[in-house]
Amino acid sequence: MKYYGTCKFVGKKVILRIRDRICETTEELLESDLFTAVLSKYVAHLKRRQSGLLELFGKSASVIGDEDIKQLLRVLQILGKMPLETVPKLLENGKQFAGKPELLLAFVEGLYNYWRTFERFIICDSTLEDFDKRPYRTFDATIEALMHLVRQSYRQIEEHITGLHPHIYRQVHAGAELAVIAMPKDLQLPPGIYSKLQTIPLIRQLLLYPPLLLDPPMNKRSGRFKRVDQNPLELVNPDSGEWLCYPAKVGSLLILVYVHEKFFELGFSLCNLFEPAEDAFLDKKADAVYLFGVPGEALNDLAELPAVFYDDTDNNVLVAACPNDDRFGYFGYLKKMILTLHNIAVMKHGKMPFHGAMVRIQSTKGEERNVLIIGESGTGKSETLEALRSIGDSSIREMRIIADDMGSLELDAEGRLLAYGTEVGAFVRLDDLQPGYAFGQLDRSIIMNPGRVNSRILLPVTGYEEIIKGSPVDLILYANNYEDVDDEHPLIDRLENAEAALHIFREGRAMSKGTTTATGLVHSYFANIFGPVQYRELHEAIAAKFFEAFYARKLFVGQLRTRLGIPGYEQEGPGSAAQALLQKLFAES
């Protein structure tokens, strides 16, 4: 990694940190450290590929040096203002470049495309400026301005080379793809070692240009998160210049997610999954902190898979950490650890966490049913609900997501069974979505690992007030994705008593769909390795209490056979399950 003033290259990312202003003219842009750095990197890239574009320099690629790059830089600076024929008049040896206009044009086109291969982020430092008080003006003056300036500069140079105007103008996102406003803020953290987190800037607003395509290092998650006996904060000294904090509202909890710059693209993507906490919410004590992307080997001695958490019972806060190795560069390590912390925290308050999707469905006759589908990742929970949305046009007036992946159940003071969600977004396998639905949501989405196994789409699906208000439950179903349907195994199969239901849910069978490194038929305790496994004794007591309550309240508890894990049923399985569910919900209406 190298510094270029306020610009930093970290792997495939370009991170621009600004405090007051950004380049405003083509001349300023072409004279900036950023442009010089990108040009130098592009030439090095062409050298590695032994590209024919290097013939532009009129010498062997092996001897092209810094002075040659400076000469080309000066040519481009002239072309930012004047046509190609002026280059030899203003620059000694300029004829070398001006004499090959087609090659020069191809080089400029390649440079423009190379710049756009980077994931490009702007961080507006609000330490001295009140950027967070006027966020739209800030974004308009930074991310919007840079986008227009880069496109304008590219077009000016090409027009000055060719003497022609383009016939087609493609308004690609040529500047930054995402910007944040960040500032220091005192947070309600315990004293002592937690004070080292207070200097890390806190994200207050974000702006992104969807669809945002990201290609993080990994496309799967592996193993379980381990509870350890040492606070990871004792081993970590985060540099505030390399970290940002995303204050996530996870259900009713406040979880402070500290993200290292190596994984900024994953940390910023949290905006499509969890609401960022506003100032009033930040006045409460943090329920958990998570350091995602710890550099070096500080965590390696804590566990074989050093994605770990510590239960600080003295301060009543959970602390998690994960290294910044490429193998952890997958959004699942970020999302699922946050939800693990949530699940542990709610269990300590006597609530039952669930790994599942819950939706409120209102028929065209005005009847409402709240359905909770519990199951492992890839068992067809979200896919079935989206298929239900697709087939229910004539009979369903509205569907509202209460929980997409995780949530919790509680018995309130009046004995009512209520459900709560955690996320306002969904992180869904792109291949398993109904094609029309996936296409229709592209304008709000973040797409990760496109073209690879387990490619995912991350998009907002519900509102924060919907997930935390507490919703009654009418049906509780286990998502069975591995059994075929026949006379003895219907699409929806009722479980007759609490003991039978506890056995099915506790066993947690599922056919792996490639969302983790597990393969074949797998078992996971209550389909939820994110907290209940690590606190099994506590969870057993809570589960027994809640399953008895399900049957005491005469709820429908059963299995839903989605067949998503059976080859050939990726679309038909959830579709048939949705049809059966629709009949079950409103059979008596």
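Our structure's up above, just so we're on the same page.
Residues numbered from 1 in each chain as written. Predicted model: local features only at pLDDT ≥ 70, side-chain atom pairs only at ≥ 80, totals over all residues. Heavy atoms only, no water.

The next subject is the overall build of the protein chain. When its secondary structure is counted, the protein chain shows 16 helices and 28 strands. On C-alpha atoms alone, the protein chain measures out to a radius of gyration of 27 Å, which is about the 25 Å that the 2.2 N^0.38 rule sets for 589 residues. Seen along its three principal axes, the alpha-carbon backbone of the protein chain occupies a region of about 90 × 55 × 45 Å. Carbon and sulfur atoms form 49% of the exposed surface of the protein chain, whose accessible area is close to 24,300 Å². With 67 positive and 79 negative side-chain charges, the protein chain shows a spacing of 2 Å between the two charge centroids. (Helix = DSSP H or I, 4+ residues; strand = E, 2+ residues; numbered from the N terminus. Rg over C-alpha atoms; globule rule 2.2 N^0.38 Å. Areas by Shrake-Rupley, 256 points an atom, 1.4 Å probe, with all protein chains shown as cover. Lys, Arg positive; Asp, Glu negative; His and termini not counted. Charge placed at Lys NZ, Arg CZ, Asp CG, Glu CD.)

Here we take up the nonpolar core. Core analysis: the biggest nonpolar cluster contains 86 residues, and Val 257, Tyr 290, Leu 409, Phe 505 and Phe 550 have the highest contact counts within it. By residue number, the principal contributor to this core is helix H10 (residues 331–347), which donates 10 residues. Residue contacts for Val 257: discarding those within four places in its chain leaves Leu 244, Cys 245, Tyr 246, Ala 248, Leu 270, Tyr 290, Leu 334 and Ile 338. The next biggest cluster of nonpolar side chains, apart from the first, holds 59 residues, and it includes Leu 16, Phe 35, Leu 54 and Trp 115. (Core = buried A, V, L, I, M, F, W, Y, C linked by side-chain atoms within 4.5 Å. Buried < 20%, exposed > 50% of the residue type's maximum accessible area, 1.4 Å probe, protein only. Contact = heavy atoms within 4.5 Å.)

Another point: the packing of aromatic side chains. This structure, assessed with the given rule, holds 19 aromatic pairs. The interplanar angle of 55° and the centroid separation of 4.9 Å between the aromatic rings of Phe 547 and Phe 550 together place this pair among those described as tilted. Placement of both Phe 547 and Phe 550 in helix H15 (residues 536–552) is noted, with a separation of 3 residues, approximately one turn of the helix. We classify Phe 547 as buried; its relative accessible area is 1%. Phe 550 sits in the buried class, given a relative accessible area of 1%. (Phe/Tyr/Trp six-rings, centres within 6.5 Å; stacked < 30°, edge-to-face > 60°.)

Attention shifts here to the sheet that holds strand S20 (residues 425–429). Strand order in the open sheet made by the 4 strands is S7-S21-S22-S20, with mixed pairing throughout. Every other strand in the sheet has two partners, leaving strand S7 (212–214) and S20 as the edge strands with one partner each. With strand direction ignored, the average angle separating the axes of adjacent strands in the sheet is 20°. Of the pairings in the sheet, the one linking S20 to strand S22 (residues 456–460) comprises 5 bridges and is antiparallel in character. Note that in S22 the partner of Phe 427 across the bridge is Leu 458. (Pairing = 2+ DSSP bridges. Axes fitted to C-alpha atoms, helices over the stretch in contact; angles between N-to-C directions.)

What follows is about the pattern of salt bridges. Taken as a whole and assessed by the stated rule, the structure comprises 32 salt bridges. Across the pair Lys 13 and Glu 265 runs a salt bridge whose closest N-O atoms are separated by 3.1 Å. Highlighted residues: Lys 13 in strand S3 (residues 13–18) and Glu 265 in helix H8 (residues 264–268), separated in sequence by 252 residues. Accessibility assignment for this pair places Lys 13 and Glu 265 in one class, buried. Put simply, Glu 483 and Arg 561 hold a salt bridge, and the shortest N to O gap is 2.9 Å. Of the two residues, Glu 483 is situated in the loop between strand S24 (475–480) and strand S25 (492–494) and Arg 561 in strand S28 (residues 556–561); the sequence distance between them amounts to 78 residues. Salt bridges here are not isolated pairs; linked through shared partners, they connect Arg 360, Glu 368, Glu 398, Arg 400, Glu 466 and Lys 469. (Salt bridge = Lys/Arg side-chain N within 4 Å of Asp/Glu carboxyl O.)

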